[in-house]
Amino acid sequence: MVISAEFLGMLVLIASAAALGLSIVVDVGRVSAEKTREAMNQRQYDKKRAALAEWRQKTERKHVDLTTLQARLTEFNGRRQKALTELRALEFSKIELVHELGEQDSDGDIYWAQLAVGPNFNELDRKDIVFSRQIWEYRNVSHITAPSAELAHATVRSSFSQRNGVICSPVVPLALAPDPEVEADAA
């Protein structure tokens, strides 16, 4: 069988067209696959971006919550400290150290005087202070047995002098002494 040039040309033309068509189909398939991959990547990007925005919102809310909790903790620590200070002050006001002075066997009256530390107390040397520094954090009073208020005052002054950093209130009969619980409630 003899193949003519026309037939051969036609065959080459059809083969070329088929190859071109196949090439176009392959290229369209690649472009379509690239577009699909790009769309998937865009969706993943959008999901991650939304997740990041949500995470940032949660982080901001947690930061606000943390700041609020820190403020509350500071407030509660302040309240606790104030309550502990008030409790300690109340305990100190309830404790009263009594120093008994004078001859207990004599027929004299009993007088009362409150003792407190003076402004120079912290500057005094340890050997100049009567008893321990710690007892002066509490309420200190003295019960003095003496025939008169003047002798009671002299007894207190000789036992607790200004040199020791102790200040004495006026001496009064024990019956007229103020009630420490009433004083603590008034304070």
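Scroll up to find the structure this text is about.
Helix and strand counts for the chain come out as three helices and five strands. Shown N-terminal to C-terminal, the secondary structure of the chain runs as helices and strands in the order α-β-β-β-α-β-β-α. Each of the 187 residues in the chain was classed as buried or not, and the buried ones make up 17%. Partitioning the intrachain contacts of the chain with sequence separation of at least 6 by distance along the chain shows that 84% fall at a separation of at least 24. Just so you have it, the chain exposes about 14500 Å², and 59% of that area is on carbon and sulfur atoms.

Moving on, we get to the nonpolar core. Tyr111, Leu115, Ile144, Ala152, Val156 and Phe160 are the most contacted members of the largest nonpolar core, which totals 13 residues. For this core, the elements supplying multiple residues, two or more each, are strand S2 (109–117), strand S3 (139–146), helix H2 (149–159) and strand S4 (166–168). Sort the elements by how many residues they give to this core and S2 lands first, with three residues. Dropping the residues within four chain positions of it, tyrosine 111 is found in contact with Ser142, His143, Ile144, Ala146, Pro147, Ser148, Ala149, Ala152, Val171, Val172, Pro173 and Leu174.

Our focus in this paragraph is the pattern of salt bridges. What the rule picks out here adds up to four salt bridges. Its salt-bridge partner being glutamate 75, residue arginine 79 comes within 2.7 Å of it at the nearest N-O pair. Remark: glutamate 75 and arginine 79 occur in helix H1 (residues 5–94); sequence separation between them is four residues, near one turn of the helix. For glutamate 75, a relative accessible area of 39% translates into the label partly exposed.

A few words on the pairing of S3. Counting buried positions over the eight residues of S3 gives seven, a clear majority of the element. Of the strand pairs in this sheet, strand S1 (residues 96–102) and S3 are connected by seven bridges, and their pairing is parallel. If you follow leucine 101 over to S3, its bridge partner there is isoleucine 144. The sheet contact formed by S2 and S3 spans seven bridges and is antiparallel. When the bridges of S3 are listed, leucine 115 appears paired with asparagine 140.

Cut-offs and rules
- Residues numbered from 1 in each chain as written.
- Predicted model: local features only at pLDDT ≥ 70, side-chain atom pairs only at ≥ 80, totals over all residues.
- Heavy atoms only, no water.
- Helix = DSSP H or I, 4+ residues; strand = E, 2+ residues; numbered from the N terminus.
- Buried < 20%, exposed > 50% of the residue type's maximum accessible area, 1.4 Å probe, protein only.
- Contact = heavy atoms within 4.5 Å.
- Areas by Shrake-Rupley, 256 points an atom, 1.4 Å probe, with all protein chains shown as cover.
- Core = buried A, V, L, I, M, F, W, Y, C linked by side-chain atoms within 4.5 Å.
- Salt bridge = Lys/Arg side-chain N within 4 Å of Asp/Glu carboxyl O.
- Pairing = 2+ DSSP bridges.

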